[in-house]
Amino acid sequence: MDLLKEIRNVPDWPKPGIQFKDITTLAKNPAAFKESCDLIIKKYKKKNIDEVAAIEARGYVWGGVIAYQLGTGFILIRKPGKLPADTIIEEYELEYGTDKIEMHVDAIKKGERVLLFDDLLATGGTAKAACNLIEKAGGVVAGIAFVIELTGSLHGRDKLEGYDVLSLLEIPVEE
Ligand code: AMP
């Protein structure tokens, strides 16, 4: 099926100039949601994944399903201040300013193969920071999967050079 049709474009949200790719419309369509999960599961089924890590909040929707189907554990990567035990933090650049993500320090055992999932790749800053967290904790990033990749001027994939990156849909950024 055409998953692209299930993505709603919301112009000027959360601020003027941003074309927000709303994935909630895909998530609520049973066939589209299943297919988007299945395509990622199929690719990583035989890749000896130990853990799926995902970034809050939309990442958890797919990430949990993928982990369940791959028979792996699930690791929560969160915005700062939400995780209760000892954490490691990674700061990364945004268009204006910086942001941070956090993971429990004991979330990953040394050498574990981790599949990272997020809903969308834009500049790649968030996913790169998540890779840094996984690697600092001793894990190996065995793959990075997205439903949507924004292509064109953002060059998100370049920031993830050297990693195995899968995106189900490529959407050119409108300048
Ligand atoms: P980035 O770090 O620039 O790759 O941004 C990726 C993160 O920001 C993902 O978690 C997305 O959910 C969110 N994001 C960035 N740009 C958009 C957009 N145009 N539409 C929807 N989500 C976006």
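These lines cover the structure that appears in this document, whether it is placed above or below. (Residues numbered from 1 in each chain as written. Predicted model: local features only at pLDDT ≥ 70, side-chain atom pairs only at ≥ 80, totals over all residues. Heavy atoms only, no water.)

Helix and strand counts for the protein stand at 5 helices and 9 strands. The linear arrangement of helices and strands in the protein, starting from the amino end, is β-β-α-α-β-α-β-β-β-β-α-β-α-β. Taken along the three principal axes of its C-alpha coordinates, the protein extends 40 × 40 × 30 Å. Relative to its full complement of 175 residues, the protein shows a buried share of 44%. Long-range contacts, defined here as pairs at least 24 residues apart, represent 55% of the contacts in the protein between residues at least 6 apart. (Helix = DSSP H or I, 4+ residues; strand = E, 2+ residues; numbered from the N terminus. Buried < 20%, exposed > 50% of the residue type's maximum accessible area, 1.4 Å probe, protein only. Contact = heavy atoms within 4.5 Å.)

Looking at the ligand, there are 13 residues lining it, with Arg-58, Asp-118, Thr-123, Gly-124 and Thr-126 nearest. Within the backbone of Gln-19, one N or O atom sits 3.0 Å away from a nitrogen atom of the ligand. For the ligand, a nitrogen atom lies 2.9 Å from a polar atom in the backbone of Lys-21. Protein contacts shield 81% of the accessible area of the ligand, which totals 490 Å² for the unbound molecule. Where the shell around the ligand is concerned, the elements lending two or more residues are strand S2 (19-22), strand S7 (113-121) and helix H4 (125-136). The class makeup of the residues in the shell around the ligand is 4 nonpolar, 5 polar and 4 charged. (Near = heavy atom within 4 Å. Polar contact = N/O pair within 3.5 Å; in protein donor to acceptor, adjacent residues only side chain to side chain. Areas by Shrake-Rupley, 256 points an atom, 1.4 Å probe, with all protein chains shown as cover. Nonpolar A, V, L, I, M, F, W, Y, C, P; charged D, E, K, R; others polar.)

With their axes 10 Å apart at the nearest point, helix H2 (residues 30-44) and helix H3 (residues 58-70) run at an angle of 50° to one another. Judged on the interaxial angle alone, H3 and H2 are oblique. Crossing hand, H2 versus H3: right-handed. Residues Phe-33, Ser-36, Cys-37, Ile-40, Ile-41 and Tyr-44 of H2 form the contact with H3, whose participating residues are Val-61, Trp-62, Val-65, Ile-66, Gln-69 and Leu-70. (Axes fitted to C-alpha atoms, helices over the stretch in contact; angles between N-to-C directions. Parallel < 35°, antiparallel > 145°, perpendicular 65-115°, else oblique. Left-handed = near helix turned anticlockwise from the far one by under 90°.)

A word on the sheet that holds strand S9 (residues 165-172). The 5 strands are arranged S4-S3-S7-S8-S9 in an open sheet whose pairing can be described as parallel. Looking at the sheet topology across the chains shown, the edges are occupied by strand S4 (73-77) and S9. Along the sheet, successive strands turn relative to each other by an average axial angle of 20°, direction set aside. The pairing of strand S3 (residues 51-55) with S7 spans 4 bridges and is parallel. From the neighbouring strand, Ala-54 faces S7, where its bridge partner is Phe-117. (Pairing = 2+ DSSP bridges.)

Below, the discussion takes up the packing of aromatic side chains. Evaluation of the coordinates by the stated rule reveals 4 aromatic pairs. Centre to centre, the rings of Trp-13 and Phe-20 are 5.0 Å apart; their planes meet at 85°, and the pair counts as edge-to-face. The rings of Phe-33, Trp-62 and Phe-117 are connected pair by pair, giving a single aromatic cluster. (Phe/Tyr/Trp six-rings, centres within 6.5 Å; stacked < 30°, edge-to-face > 60°.)

Right, let's talk about the nonpolar core for a bit. Buried together is how nonpolar side chains tend to be arranged in soluble globular proteins. The biggest cluster of nonpolar side chains holds 27 residues, and the ones touching the most others in it are Trp-62 and Ile-66. Elements that contribute at least two residues to this core include exactly H2, S3, H3, S7, strand S8 (140-151) and S9. Residue contributions to this core peak at 6 residues, all from H2. Residues in contact with Trp-62, not counting those within four places in the same chain, are Ile-23, Leu-26, Ala-27, Phe-33, Ser-36, Cys-37, Phe-117 and Val-147. Judged by nonpolar contacts, the second largest core, of 25 residues, contains Ile-77, Val-114, Val-141 and Leu-160. (Core = buried A, V, L, I, M, F, W, Y, C linked by side-chain atoms within 4.5 Å.)

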